[in-house]
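The primary structure of each chain is shown beneath.
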Amino acid sequence: MLKEIKSQDYSVFIGDDVLQQVQSFLEEHAAQYTKFFILVDENTIEHCLPIVQFHVPFLKDAEIVEIESGEQNKCIEVVTQVWITLSEAEADRQALFVNLGGGVIGDMGGFIASTYKRGIDFINIPTTLLSQVDASVGGKLGIDLNGLKNQIGVFAYPKGVFILPSFLETLPKGQVRSGFAEVLKHALIRDQKHWDLVKKITLKKKIDFEDIIYWSVNIKNNIVLQDPREKGLRKLLNFGHTIGHAVETLSIDNLALSELMHGEAIAVGMIAELYLSQSLAGLSSQQAEEIESILVKLYQPTPLREDFFDAYLHLMMQDKKNDKGAINFTLLKAIGDGEVNYTANKKQIVAALKYYNSVIARA
Ligand SMILES: NC(=O)c1ccc[n+]([C@@H]2O[C@H](COP(=O)([O-])OP(=O)(O)OC[C@H]3O[C@@H](n4cnc5c(N)ncnc54)[C@H](O)[C@@H]3O)[C@@H](O)[C@H]2O)c1
Ligand SMILES: [Zn+2]
């Protein structure tokens, strides 16, 4: 059964027959659109586009715009290339842009659409777990600049988001596991019942993602609807990310370290931030241990090198989540009960990094 989540002024649809919903949407708006463009990369053109075009006859003759996959291509040069393609194809204000891919396609394609001719309509068909549960609501669009993530961008909303869970069948396992960290995070900050469900998932067997995605998008959607411009509550979504971002960034920048995927780094960040959650927010040690055991089993993280602790701190100081020198954290008071706006000093953060290492050593 098709599930619907209402966000800003659009809906997120989830289900096995979601592509029929895309077709109905296009039929309904047929008079409005003159031309269709589908943004893909080399993986989604192979694994996802044929399925979309089979089930959505309206998109059979759409113009396919292919870019190269990868975060390094989420940049202004590629945006310019696509703007030129649109312009040469004489796309007018009545063109519809379809983003078929992961978060890179969604963020950049949405940015391209919302700036071309001051904005044309776009819809998203997210094809990775991360883009389905995280990037599908909230309206954040954009690109990277000089290695700084999401430095340029806008808030704008698609006309619809259509999630087909079976796209995950071709997604590499590591990508599924990485996206799953956000599923766990959503449950931890807001929904104990959902945690009790997702904590049992080992990702070893084939699983039915439909309900998991639905719950997870719902949690994020409830948060972003209350705080569309990230003034307060939306910071809840930063749990695990203050330390996790620093860990991710250094793993990419420093060749002595092996590169971590976003979700792997966030798993590290969540474990370290459980120390602060216990010392500053009153999380019980019993609940912390439960969360740690799940994260360690799934992500099998490795220790953080103490000689890089200063580098991690330096990165956290630069992080945009900082207010006036103190480092800002979102922590857990209990499972399902996150709270924003805690601050920690360097000494406390070092203790959190050491705590992480001791958790890993025990496992
Ligand atoms: N806007 C937001 O709120 C938001 C939230 C979270 C993340 N993001 C952004 O999302 C990006 C990361 O997204 P991602 O993890 O989806 O990465 P991605 O878009 O790079 O996709 C990961 C890889 O999977 C491939 N792929 C996609 N779908 C596939 C499928 N069904 N089968 C096989 N391969 C497939 C892609 O080609 C790519 O190689 C980052 O740039 C991040 O900033 C945005
Ligand atoms: Zn994240």
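The rules behind each value
Residues numbered from 1 in each chain as written. Chains lettered and ligands numbered in written order. Predicted model: local features only at pLDDT ≥ 70, side-chain atom pairs only at ≥ 80, totals over all residues. Heavy atoms only, no water. Helix = DSSP H or I, 4+ residues; strand = E, 2+ residues; numbered from the N terminus. Rg over C-alpha atoms; globule rule 2.2 N^0.38 Å. Buried < 20%, exposed > 50% of the residue type's maximum accessible area, 1.4 Å probe, protein only. Areas by Shrake-Rupley, 256 points an atom, 1.4 Å probe, with all protein chains shown as cover. Lys, Arg positive; Asp, Glu negative; His and termini not counted. Charge placed at Lys NZ, Arg CZ, Asp CG, Glu CD. Donors = N, O, S within 2.8 Å, 3.2 Å for Na, K, Ca; no water. Domains from an automatic or database assignment. Contact = heavy atoms within 4.5 Å. Buried area = accessible area lost by both parts, 1.4 Å probe. Near = heavy atom within 4 Å. Polar contact = N/O pair within 3.5 Å; in protein donor to acceptor, adjacent residues only side chain to side chain. Pairing = 2+ DSSP bridges. Axes fitted to C-alpha atoms, helices over the stretch in contact; angles between N-to-C directions. 1 Å grid on protein atoms, 1.4 Å probe; cavity = no way out; pocket = protein on both sides within 12 Å on 5 of 7 lines; lining within 4 Å. Points joined across faces, edges and corners; volume = space filled by probe spheres on them. Nonpolar A, V, L, I, M, F, W, Y, C, P; charged D, E, K, R; others polar.

Some thoughts on the overall build of the protein
- Scanning the protein from N- to C-terminus turns up 14 helices and eleven strands.
- A globule of 363 residues ought to have a C-alpha radius of gyration of about 21 Å, and the protein, at 20 Å, matches this closely.
- Overall size of the protein, expressed as C-alpha extent along the three principal axes, is 60 × 40 × 35 Å.
- Here the protein holds 363 residues, and the buried ones make up 55% of them.
- Per element, the accessible surface of the protein, about 16300 Å² overall, is 50% carbon and sulfur.
- Counting 36 positive and 46 negative side-chain charges, the protein places the averaged centre of each group 6 Å from the other.

A look at helix H11 (residues 262–281)
- Of all 20 residues making up H11, 16 are buried, and the element is well covered by its neighbours.
- Positive backbone phi, at 80 degrees, marks Gly282, one or two positions downstream of H11.

Thoughts on the coordination of the zinc ion (ligand 2)
- Donor atoms from the polypeptide that coordinate the zinc ion (ligand 2) comprise Glu182 (OE), His241 (NE2) and His262 (NE2), at 1.9 to 2.1 Å from the metal.
- Sequence spacing among the residues donating to the zinc ion (ligand 2) works out to E-x58-H-x20-H. Placement of the pair is Glu182 in helix H7 (residues 173–190) and His241 in helix H10 (residues 241–253), with a sequence separation of 59 residues.
- Taking the relative accessible area as the measure of exposure, His241 reaches 7% and is therefore buried.

Considering the domain arrangement of the protein
- Split by domain assignment, the protein resolves into domain 1 (3–170) and domain 2 (173–206 + 232–362).
- For domain 1 and domain 2, the distance between their C-alpha centres works out to 30 Å.
- Taken together, the ten residues of domain 1 in the interface contact nine residues of domain 2.
- Summing both sides of the interface, domain 1 and domain 2 together bury roughly 800 Å²; the carbon and sulfur share of this comes to 63%.
- Three residues stand out in domain 1 for area buried against domain 2, namely Leu129, Leu130 and Val133, and they jointly supply 49% of the buried area on that side.

Observations concerning the site of ligand 1
- With respect to spatial proximity, 26 residues lie near ligand 1, and among them Asp41, Glu71, Thr127, Thr128 and Thr170 are the closest.
- Asn43 is positioned with one of its side-chain polar atoms (N or O) 2.8 Å from an oxygen atom of ligand 1.
- Measuring from an oxygen atom of ligand 1, one finds a side-chain N or O atom of Asn150 at 3.5 Å.
- The set of elements that each furnish at least two residues to the shell around ligand 1 consists of helix H2 (44–47), helix H5 (103–115) and strand E8 (148–155).

Remarks on unusual backbone geometry
- With a phi close to 50 degrees, Asn146 is a non-glycine residue in the positive phi region.
- Topologically, Asn146 is positioned in the loop between strand E7 (140–145) and E8.
- Classification of Asn146 as exposed rests on a relative accessible area of 76%.
- A positive phi angle is found at Asn341, which is not glycine, with a value near 65 degrees.

With respect to the sheet that holds strand E4 (residues 63–67)
- Across the sheet, seven strands lie side by side as E1-E2-E9-E6-E5-E3-E4; this open sheet has mixed pairing. Looking at which strands have only one partner, the edges of the open sheet turn out to be strand E1 (3–6) and E4. Averaged over all adjacent pairs, the angle separating strand axes in this sheet is 20 degrees, with direction ignored.
- Note: strand E2 (residues 11–14) against strand E9 (residues 160–163), three bridges, orientation parallel. Looking at the pairing, Ile14 lines up with Ile163 of E9.

Brief notes about the layout of surface pockets
- Of the voids in this model, the second largest pocket is the one considered here, and its volume is about 680 Å³.
- Taken together, 25 residues line the second largest pocket, and the ones lying closest to its centre are Val176, Leu203, Lys204, Lys205 and Ile207.
- Counted by class, the lining of the second largest pocket contains eleven nonpolar, three polar and eleven charged residues.
- Each of domain 1 (3–170) and domain 2 (173–206 + 232–362) accounts for three or more of the residues forming the lining of the second largest pocket.

Some points on empty space enclosed by the protein
- The full count for this structure, using the stated rule, is one cavity of 30 Å³ or more.
- The space that makes up the largest cavity amounts to roughly 150 Å³.
- Lining the largest cavity we find 21 residues, and of these Gly106, Asn124, Ala135, Ser136 and Leu141 sit closest to its centre.
- If you list the elements that add at least two residues to the lining of the largest cavity, you get strand E5 (95–101), H5, strand E6 (121–126) and E7.
- Looking at the lining of the largest cavity residue by residue, the classes come out as ten nonpolar, nine polar and two charged.

Some details on the environment of Val79
- Residue placement: Val79 occurs in helix H4 (residues 76–88).
- Residues Val79 and Lys3, 76 residues apart in the sequence, show an inter-C-alpha distance of 33 Å.
- Non-local contacts of Val79, meaning those with residues more than four positions away in its chain, are made with Met108, Phe111, Ile112 and Ile143.

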